[in-house]
Amino acid sequence: MPGHTLTRAEFLEAAHEMAHTGRPFLARLLAEEAASLTSDPDEAARILRHFPNPARLRSED
């Protein structure tokens, strides 16, 4: 839809969908966008905690 700016809720919905379908990197990126659209730092931190960065979860070989 031309000119439509995605909302925080739309980014979160997409993040949940990506996480559910096994795409944790995309889920994290979408969650970061959602967090950037909230003015409450506690809420932004909660969003990011719900979608941890997959790169940080990898174990070292």
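Everything discussed here concerns the structure shown above.
Scoring rules and cut-offs
Residues numbered from 1 in each chain as written. Predicted model: local features only at pLDDT ≥ 70, side-chain atom pairs only at ≥ 80, totals over all residues. Heavy atoms only, no water. Helix = DSSP H or I, 4+ residues; strand = E, 2+ residues; numbered from the N terminus. Buried < 20%, exposed > 50% of the residue type's maximum accessible area, 1.4 Å probe, protein only. Contact = heavy atoms within 4.5 Å. Areas by Shrake-Rupley, 256 points an atom, 1.4 Å probe, with all protein chains shown as cover. Lys, Arg positive; Asp, Glu negative; His and termini not counted. Charge placed at Lys NZ, Arg CZ, Asp CG, Glu CD. Core = buried A, V, L, I, M, F, W, Y, C linked by side-chain atoms within 4.5 Å. Expected span 1.5 Å × (residues − 1). Arc of directions from axis to C-beta.

### A word on the overall build of the chain
Alright, step 1. Regarding its fold elements, the chain presents four helices and zero strands.
Alright, step 2. Going from the N terminus to the C terminus, the chain shows its helices and strands as α-α-α-α.
Alright, step 3. If you line up the chain on its principal axes, its C-alpha atoms span 45 × 25 × 15 Å.
Alright, step 4. Out of the 61 residues in the chain, the part that is buried amounts to 25%.
Alright, step 5. Within the chain, contacts between residues at least 6 apart in sequence are counted, and of these 48% link residues at least 24 apart.
Alright, step 6. A total of about 4,700 Å² of accessible surface is found on the chain, and carbon and sulfur atoms cover 54% of it.
Alright, step 7. Put simply, the chain has 7 plus and 10 minus side-chain charges, and the middle of one group is 3 Å from the middle of the other.

### Regarding the nonpolar core
In globular proteins that are soluble, nonpolar side chains generally tend to be buried together.
Alright, step 1. Formed by F11, L12, A15, M18, A27, L30, A31, A34, A35, A44, I47 and F51, the largest nonpolar core amounts to twelve residues.
Alright, step 2. Elements represented by at least two residues in this core include exactly α1 (8–20), α2 (24–36) and α3 (41–50).
Alright, step 3. With five residues, α2 is the largest single contributor of residues to this core.
Alright, step 4. In this structure L30 touches F11, A14, A15 and M18, once residues within four positions along its chain are discounted.

### Some points on α1
Alright, step 1. The terminal C-alpha atoms of α1 lie 18 Å apart, and with 13 residues this matches the ideal 18 Å at 1.5 Å per residue to within 8%.
Alright, step 2. Turning to α1, its buried residues are F11, L12, A15 and M18. One side of α1 carries all its buried residues, which in axial view fall inside an arc of 125 degrees. The outward face of α1, more than 90 degrees from its buried face, is lined by the exposed residues A9, E13 and H20.
Alright, step 3. On its buried face, α1 is in contact with α2 and α3.
Alright, step 4. After α1 finishes, the residue G22 shows a positive phi value of roughly 80 degrees.

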